[in-house]
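Listed below, chain by chain, are the residues.
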Amino acid sequence: MRGRFAPSPTGALHLGNARTALLAWLQARAAGGAFVMRVEDLDFGRVRAGVMETQLDELRWLGIDWDEGPGVGGPHAPYVQSQRAERYDDALRVLAARGVLFECACSRRDIAAAASAPHAGEEGPRYTGTCRERRVDPAAPSLMAHGRSVLALRMRVEPGDVCFEDWLMGRCCFGPADETGDFVVRRKDGAAAYQLAVTVDDAAMEITHVVRGGDLLSSTARQLLIYRALRLPEPAFLHVPLMLGEDGERLAKRHGSVSLGELRARGIAPERVTGWLAATCNLADEGEIAARDLIPRFAIARLPRDPTVITAAMLARLAG
Ligand code: GLU
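Here is a short report on the structure shown in this document.

Conventions and cut-offs
Residues numbered from 1 in each chain as written. Predicted model: local features only at pLDDT ≥ 70, side-chain atom pairs only at ≥ 80, totals over all residues. Heavy atoms only, no water. Salt bridge = Lys/Arg side-chain N within 4 Å of Asp/Glu carboxyl O. Helix = DSSP H or I, 4+ residues; strand = E, 2+ residues; numbered from the N terminus. Buried < 20%, exposed > 50% of the residue type's maximum accessible area, 1.4 Å probe, protein only. Arc of directions from axis to C-beta. Contact = heavy atoms within 4.5 Å. Near = heavy atom within 4 Å. Polar contact = N/O pair within 3.5 Å; in protein donor to acceptor, adjacent residues only side chain to side chain. Areas by Shrake-Rupley, 256 points an atom, 1.4 Å probe, with all protein chains shown as cover. Nonpolar A, V, L, I, M, F, W, Y, C, P; charged D, E, K, R; others polar. Pairing = 2+ DSSP bridges. Axes fitted to C-alpha atoms, helices over the stretch in contact; angles between N-to-C directions.

**Observations regarding the pattern of salt bridges**
Applying the stated criterion across every chain, the model contains 20 salt bridges. Between R29 and D65 there is a salt bridge whose closest N-O contact spans 3.0 Å. Of the two residues, R29 sits in helix α1 (residues 15-30) while D65 sits in the loop between α2 (51-62) and α3 (85-97), which places them 36 residues apart along the sequence. Exposure remark for D65: the relative accessible area of 39% places this residue in the partly exposed category. Two residues, R93 and D90, come together in a salt bridge whose shortest N-O distance is 3.0 Å. Within this pair, R93 and its partner D90 are both found in helix α3, separated by three residues, close to a single helical turn. A single salt-bridge network, built from bridges that share partners, covers R4, R38, E40, R84, D201 and D202.

Pasting the structure below:
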């Protein structure tokens, strides 16, 4: 059993990210498995210098450790996506050989969106299929363009539902052909799109259990299409509900002290944060409890399936 957390160094880690990281770590540790940390830094326009180090430091502060990843190394190094272009190139050439890729001169906006994991409300319009017949030459020596300006590559999506069993959400079905259509796997700047990179890396790093935020549930269908086209073994998925503010919006700065950095700077103990996070998902009563002491309490059956609404009173109990 191998789990992972895959932060993008584009901004501060907030309580929602911290809960997902904690649950991914608890799932792996409770099963006696290995835990991998992988940095997803391919969204060059949004990645900020120093943020990766800060995020990793905050995760360690919270009590999360990793067996493989930045600062530790491991058999699947490097664990930073910007250093893994060759793996994405190999995968693209296999996909090209299987006839599922085509070149596409589509809009800048579509391609920019493909750089990051699409969080709630960030999915673009469905691709209309204009360039579908522009097949890619599988004999091309390289399909990654390393910073050159190129045409994007999309993967063809055939009609029909893609279904999977989510450990928490149960059976889920999506119709990617209707929802997003053929999707971008290589961006116009030559780098791998999120959907390709995440799949290639989870497979290469032999991840057996993908625990991540619930807003990526529909991305799973596209990733399964990549797993199948590459004939890679599929991991199990567990999508953790999002944290929302009282207004029903994704938890954000305007709701109060929600970033780990801010809580830490205010002198809040990490055990208080992990205890509070555990209480939001029924693993403990609110109070101080270290991440490692939550391992024996981890139980999927106790986790909520609906988004967790974080009230001002709850935040005040954490940081008031
Ligand atoms: N790097 C992605 C994010 O921070 C996570 C992707 C994943 O866990 O699959 O949103």
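**Comments concerning helix α11 (residues 312-319)**
Among all positions in α11, only M314, L315, L318 and A319 are buried. The buried residues of α11 occupy an angular sector of 110° when projected down its axis, which confines them to one face. Contacts from the buried residues of α11 go to α1, α8 (260-265), α9 (270-280) and β11 (308-309).

**Some remarks on the site of the ligand**
Near the ligand the following residues occur: R4, A6, S8, E40, A117, H119, Y194, V198, R212 and L216. Residue Y194 places a side-chain N or O atom 3.0 Å away from an oxygen atom belonging to the ligand. In this structure, an oxygen atom belonging to the ligand sits 2.8 Å away from a side-chain N or O atom of R212. Compared with its free state, where it exposes 300 Å², the ligand has 87% of that area covered by protein. The class makeup of the residues in the shell around the ligand is five nonpolar, two polar and three charged.

**Concerning the sheet that holds strand β3 (residues 101-104)**
Taken in spatial order, the three strands of this open sheet run β3-β4-β7, and their pairing is antiparallel. Among the strands making up the open sheet, the edge pair consists of β3 and β7 (183-186). Each strand axis lies, on average, 45° off the axis of its neighbour in the sheet, ignoring direction. Contacts from α3 reach β3, β4 (152-155) and β7 within the one sheet, and its direction differs from that of β3 by about 105°.

**Here's the deal with α9**
Since there are 3.6 residues in each turn of an α-helix, residues three or four apart along the chain are aligned in direction. Among the 11 residues in α9, eight count as buried, and that is most of the element. Within α9, the full set of buried residues consists of P270, V273, T274, G275, W276, L277, A278 and T280. Looking one or two places after α9, you find N282, whose phi comes out positive at around 60°.

**Quick word on unusual backbone geometry**
Residue P78 is bonded to the preceding A77 through a cis peptide linkage, with omega at 0°. Relative to the assigned elements, P78 resides in the loop between α2 and α3. With phi around 55°, E206 is a residue other than glycine that occupies positive phi space. If you trace the backbone, E206 turns up in the loop between α6 (194-204) and β8 (209-213).

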